[in-house]
Amino acid sequence: MSNYISIIDVKDHLGEVITIGAWVANKSGKGKIAFLQLRDGTAFFQAVAFKPNFIEKFGEEKGLEKFELIKHLAQETSVKVTGIVKADDRSKFGYELDVTDIEIIGESIDYPITPKDHGTDFLMDNRHLWLRSRKQMAIMQIRNAIIYASYEFFDKNGFIKFDSPILTGNAAENTTDLFETDYFGNPAFLSQSGQLYLEAGAMALGRVFDFGPVFRAEKSKTRRHLTEFWMMDAEYPFVTHDESLDLQEAYVKSLILGVLDRASSALDVLERDAELLKKYVAEPFKRVSYDDAIDLLQAHLDDADTDYDPIEHGDDFGSPHETWISNYFGLPTFVVNYPASFKAFYMKPVPGNEERVLSADLLAPEGYGEIIGGSERETDYDKLLNKITENGLDPADYDWYLDLRRYGSVPHAGFGLGLERMVTFVAGTKHIREAIPFPRMLHRLKP
Ligand code: 4AD
Ligand code: MG
């Protein structure tokens, strides 16, 4: 343990003398008084130093020296600060620290990120420092709350964590977005999703989930795409697709509740409307079939406030279509039964309609895009083998996956949630690059 008190715990020490270890985020004041905005990663907090107190405590010369040191502290200097915790209504926190002593731990010279505005490229180049800002800290706290709530939800619902490999011999989703690497003279791929392995896990352990980094060599430069992101996949046997949707809905609600519960001050920092998030928890999510969604899009194409391209039955949605659909319903919306033609090979057809599959994408409201992709899986050996061949994949790579249909195949379904999409949605940030500590994108591998 540490002798330092975390800023987040200062409230438990009203009237006491405490010592905190922190960085100077900002400072102000004049004459006999200096204000320091301190941060230690847990929160931001104001410390106040009065010149007369220092002179009284340390004598004229040393007291003045200490006070001048405080007044001239550079941004991001690390300090050990001792003081008395006082209630103060003017402070956002409700408390502030009346400084009695301060020591510099580490100097900071010419910190590049000043309180003025900076361009995105500059901030991204300095991502290792940008993470210290109030807003970035809040987003990371929301990310943490979502991860915590995710583990909690799965544990409560009888799921076991089953880790899928990252190096694989076969494509899980498609062959166009694969990162290939050399594996002792043979090609290997970075995992696009743990799903296929989770299906093996579901046949061994029942309800399983994984959570880890996945990789897609997406050349698209959008606000929604990373080349490395974290996915949570879940898989469960003896379940229908409708039951899976119920579970997905409960899952997403539990993640939002987890953030409201554990990171509400982070939502305040980001000025995210908590009432709106509460509404998403309180109301049932919408469910619409892909074909009905296309009908709606076609019917509203010429509305004054729409700006999406014309779309036909059988076409994939672009993000303007997804945005319109979720705005139309104003709630998280499942679009179900997509065309088989642009979905992955493992999905089970809708009974009586080979052209549609038992799949669903969950579209977040407010234009945050798809946060979950899921489906019921093909259980029949021959049909799955056909799909693999039709998709131009080599059945030899999938022999182990096909085995799952040879030895006690059962109905099963699952889904994958993109963590950074969820963070972007809950935090209300515009771009996915802020939802992960060190984003990997088309032109970004550093820092
Ligand atoms: O819809 P996707 O491709 O589904 C799968 O990978 C399934 N195997 C999951 C499963 O059934 N177990 O990806 C799942 C989610 C998407 O809904 C989206 O939230 C996110 O992963 N995602 C991305 N997030 C950031 N950057 C990208 N390039 C993403 N591609 C997908
Ligand atoms: Mg998808």
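Here is what the cut-offs are and how they apply
- Residues numbered from 1 in each chain as written.
- Chains lettered and ligands numbered in written order.
- Predicted model: local features only at pLDDT ≥ 70, side-chain atom pairs only at ≥ 80, totals over all residues.
- Helix = DSSP H or I, 4+ residues; strand = E, 2+ residues; numbered from the N terminus.
- Buried ≥ 20, exposed ≤ 12 C-beta atoms within 10 Å, placed from the backbone.
- Contact = placed C-beta atoms within 7 Å.
- Pairing = 2+ DSSP bridges.
- Near = placed C-beta within 6 Å.
- UniProt positions renumbered as here; feature names shortened; annotations may be inferred.
- Core = buried A, V, L, I, M, F, W, Y, C linked by C-beta atoms within 7 Å.
- Axes fitted to C-alpha atoms, helices over the stretch in contact; angles between N-to-C directions.
- Parallel < 35°, antiparallel > 145°, perpendicular 65-115°, else oblique.
- Left-handed = near helix turned anticlockwise from the far one by under 90°.
- Nonpolar A, V, L, I, M, F, W, Y, C, P; charged D, E, K, R; others polar.

**Notes on the overall build of the protein chain**
For the protein chain, the count of helices and strands is 14 helices and 18 strands. With the principal axes as the frame, the protein chain shows a C-alpha extent of 90 × 60 × 40 Å. Going through the 447 residues of the protein chain one by one, you find that 37% of them count as buried. For the protein chain, the share of sequence-separated contacts (at least 6 apart) that also reach a separation of at least 24 residues comes to 63%.

**Let's talk about the pairing of strand 5 (residues 95-106)**
In this structure, strand 3 (residues 44-50) lies alongside strand 5, joined through two bridges in parallel fashion. Counted as the bridge partner of A47 is L97 from strand 5. As judged from the ten bridges shared by strand 4 (residues 78-87) and strand 5, these two strands associate in the antiparallel manner. Within the sheet, the bridge partner assigned to S78 lies in strand 5 and is G106.

**What to know about helix 11 (residues 319-329)**
Of all the residues in helix 11, the buried ones are H321, E322, T323, W324, I325 and S326. Contacts made by the buried residues of helix 11 are with helix 10 (290-299), strand 13 (333-336), strand 16 (359-364) and strand 17 (369-376). Immediately downstream of helix 11, the backbone of G330 shows phi near 70°, a positive value.

**Notes on the site of ligand 1**
In the vicinity of ligand 1 there are 23 residues, among which S193, Q195, G373, G416 and G418 approach most closely. Where the shell around ligand 1 is concerned, the elements lending two or more residues are strand 11 (228-237), strand 17, strand 18 (412-418) and helix 14 (419-427). With six residues, strand 17 is the largest single contributor of residues to the shell around ligand 1.

**Some remarks on the environment of D295**
Considering the arrangement of structural elements, one finds D295 in helix 10. Take D295: there are 13 C-beta atoms within 10 Å of it, and that puts it in the partly exposed class. Along the sequence, D295 and L419 sit 124 residues apart, while their C-alpha atoms lie 31 Å from each other.

**Digging into the sheet that holds strand 18**
One open sheet accounts for eight strands, arranged 6-10-11-18-17-16-13-12; its pairing is mixed. Where the open sheet ends on each side, the last strands, each with one partner, are strand 6 (160-161) and strand 12 (286-289). Pairing between strand 17 and strand 18: five bridges, direction antiparallel. Note on strand 18: the bridge partner recorded for G374 is F415.

**What about the UniProt feature "domain: Aminoacyl-transfer RNA synthetases class-II family profile" (unreviewed entry) in the protein chain?**
Those places that UniProt annotates as "domain: Aminoacyl-transfer RNA synthetases class-II family profile" (unreviewed entry) correspond, in this numbering, to residues 142-447. This span, residues 142-447, is 35% helix and 22% strand, and a straight line between its end C-alpha atoms measures 22 Å.

**So, the sheet that holds strand 7 (residues 167-168)**
With respect to topology, three strands assemble into an open sheet ordered 7-9-8, the strand pairing being antiparallel. The open sheet has two free edges, formed respectively by strand 7 and strand 8 (180-183), since each of these has just one partner strand. As paired strands, strand 7 and strand 9 (residues 186-190) are joined by two bridges and run antiparallel to one another. By the bridge assignment for strand 9, T168 is matched with F189.

**Thoughts on the nonpolar core**
Core analysis: the biggest nonpolar cluster contains 80 residues, and I142, I146, V259, M422, V423 and V426 have the highest contact counts within it. No other element matches helix 5 (residues 134-156), which puts nine residues into this core. When near neighbours in sequence (up to four residues on either side) are disregarded, I142 contacts V259, A263, A266, V423, V426 and A427.

**Overview of the packing of helix 7 (residues 241-262) against helix 9 (residues 274-282)**
When two helices pack together, their arrangement is given by the angle between their axes and by how far apart the axes lie. Where helix 7 meets helix 9, the closest approach of the two axes is 9 Å, and the angle between their N-to-C directions is 150°. What the angle tells us is that helix 7 and helix 9 run roughly antiparallel. You can see that helix 7 and helix 9 cross each other, and the crossing is left-handed. Where helix 7 abuts helix 9, its residues K253, I256, L257 and L260 lie against A274, L277, K278, Y280 and V281. Across the contact of helix 7 with helix 9, the residue classes tally to seven nonpolar, no polar and two charged.

**Comments concerning unusual backbone geometry**
Cis geometry marks the peptide bond from K446 to P447; its omega dihedral reads -5°. In this structure, E271 takes a positive phi of about 55° despite not being glycine. As for its position among the elements, E271 is in the loop between helix 8 (264-269) and helix 9. Among the residues examined, E271 registers 9 C-beta atoms within 10 Å and is labelled exposed. The backbone phi angle of N337 is positive, close to 60°, even though this residue is not glycine.

**Quick notes on the environment of N337**
Following the sequence through the fold, N337 ends up in the loop between strand 13 and strand 14 (349-350). Along the backbone, N337 and D291 are 46 residues apart, and their C-alpha atoms lie at a distance of 8.0 Å. Sequence-distant contacts of N337, that is, excluding residues within four places in its chain, are made with S289, Y290, V350, R356, V357, L358 and S359.

**A look at the environment of E199**
Secondary-structure assignment places E199 in helix 6 (residues 195-205). Each C-alpha atom, one on E199 and one on G414, is 8.5 Å from the other, the two residues being 215 residues apart in sequence. Residues contacting E199, with those up to four places away along its chain left out, are E235, R377, L404 and H412.

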